[in-house]
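# Remarks on the overall topology
Spelled out, the chains give:
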Amino acid sequence: MTEPARSRLEKLETAAQSITWHVTSARWQVAREVAAVEYLMATLGSDRFLPPIGGWSVDYSVVAAVLDGALARGGPVHSLELGSGAGTPWFASVAKLTGGQHVAVEHNPVFVARTMALLEHYELLDFCTVVEAELTPGADGAEWYALAPITSRVSDGSVDVLVIDGPPASVGPQARRPALALLERLLADDALVVLDDVVRAEEQQTLAAWEQEYGDRLRVLPILDRAALFRLRSAAPSEGPQSGDEPDPTEEA
Ligand SMILES: C[S@@+](CC[C@H](N)C(=O)[O-])C[C@H]1O[C@@H](n2cnc3c(N)ncnc32)[C@H](O)[C@@H]1O
């Protein structure tokens, strides 16, 4: 065989291996999503055909993991989703099942209107609020959701489940990284957190940075493949400011 022919053959073999890997991976993905849909049908108890998800929206397996986590937590489960879309009625249905409330944060008025229309259609407006929060530059220049519209509707320590699926990657590098630092005070102890799209390098870097920052307060649950699922414990009192640190006004200097 001539050298050019050998080189072409090697390239063809590499391409064939890559195609085989992608087809196998797609089959696993379908199998995982089928298992998640079966769990949702058996457990969510919705009699409506909720909008198909995946692609721009979270996968069925993300909603299934959130539902499972919510039921294991017990009681009314309150959830917060960054970035709204077809997944929002699914999370609203989980909140409805537990007696809780879902809040979806959206920067784009077009998608605020679309998500509201979906919620109205599925009669889920009593269980879900869509909060419009424009993207504004922070101190480092990176854009993130305006905090005031979020914190005025969600109280400290009330969020049992946080789904981080926005802002979109187009906003800038590691666009979702500010989420934990800015929203930590809203989270209940041992909150369940989803970081979607960890197939992307940016989100993998974000997760690695959080694991470093939060140490053993953050426990990754190796359940999902295209999203990261973890629990985040509140800071122990000793890690925050101590009441004893304040000067005693009754003491003489
Ligand atoms: C990843 S999407 C959020 C999806 C949402 N969490 C869900 O599961 O449906 C991030 C942003 O993209 C926009 N978006 C939502 N659905 C979209 C769609 N089908 N096509 C294009 N952009 C979309 C919205 O502005 C949203 O905040």
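Up top you'll find the structure we're talking about.
Residues numbered from 1 in each chain as written. Predicted model: local features only at pLDDT ≥ 70, side-chain atom pairs only at ≥ 80, totals over all residues. Heavy atoms only, no water.

## Observations concerning the pairing of strand β3 (residues 128–132)
As defined by bridge partners, strand β2 (residues 102–106) adjoins β3 across 5 bridges and the pair is classed as parallel. In the sheet register, His102 faces β3, and the bridge partner there is Cys128. With respect to chirality, the unit in which β2 leads through helix α4 (residues 109–121) into the neighbouring parallel β3 is right-handed. (Pairing = 2+ DSSP bridges. Helix = DSSP H or I, 4+ residues; strand = E, 2+ residues; numbered from the N terminus. Right-handed = clockwise from strand over helix to strand, strands pointing away.)

## A word on the site of the ligand
Around the ligand sit 14 residues in total, of which Glu81, Gly83, Gly87, Glu106 and Asp165 are the nearest. In this structure, Glu106 approaches the ligand through a side-chain N or O atom, which is 2.7 Å from an oxygen atom. For the shell around the ligand, the residue count by class is 4 nonpolar, 7 polar and 3 charged. (Near = heavy atom within 4 Å. Polar contact = N/O pair within 3.5 Å; in protein donor to acceptor, adjacent residues only side chain to side chain. Nonpolar A, V, L, I, M, F, W, Y, C, P; charged D, E, K, R; others polar.)

## With respect to helix α2 (residues 60–73)
Between its first and last C-alpha atoms α2 spans 20 Å; for 14 residues at 1.5 Å apiece the expected length is 20 Å, and the two agree. Every buried residue of α2 is listed here: Tyr60, Ser61, Val62, Val63, Ala64, Ala65, Val66, Leu67, Gly69 and Ala70. (Expected span 1.5 Å × (residues − 1). Buried < 20%, exposed > 50% of the residue type's maximum accessible area, 1.4 Å probe, protein only.)

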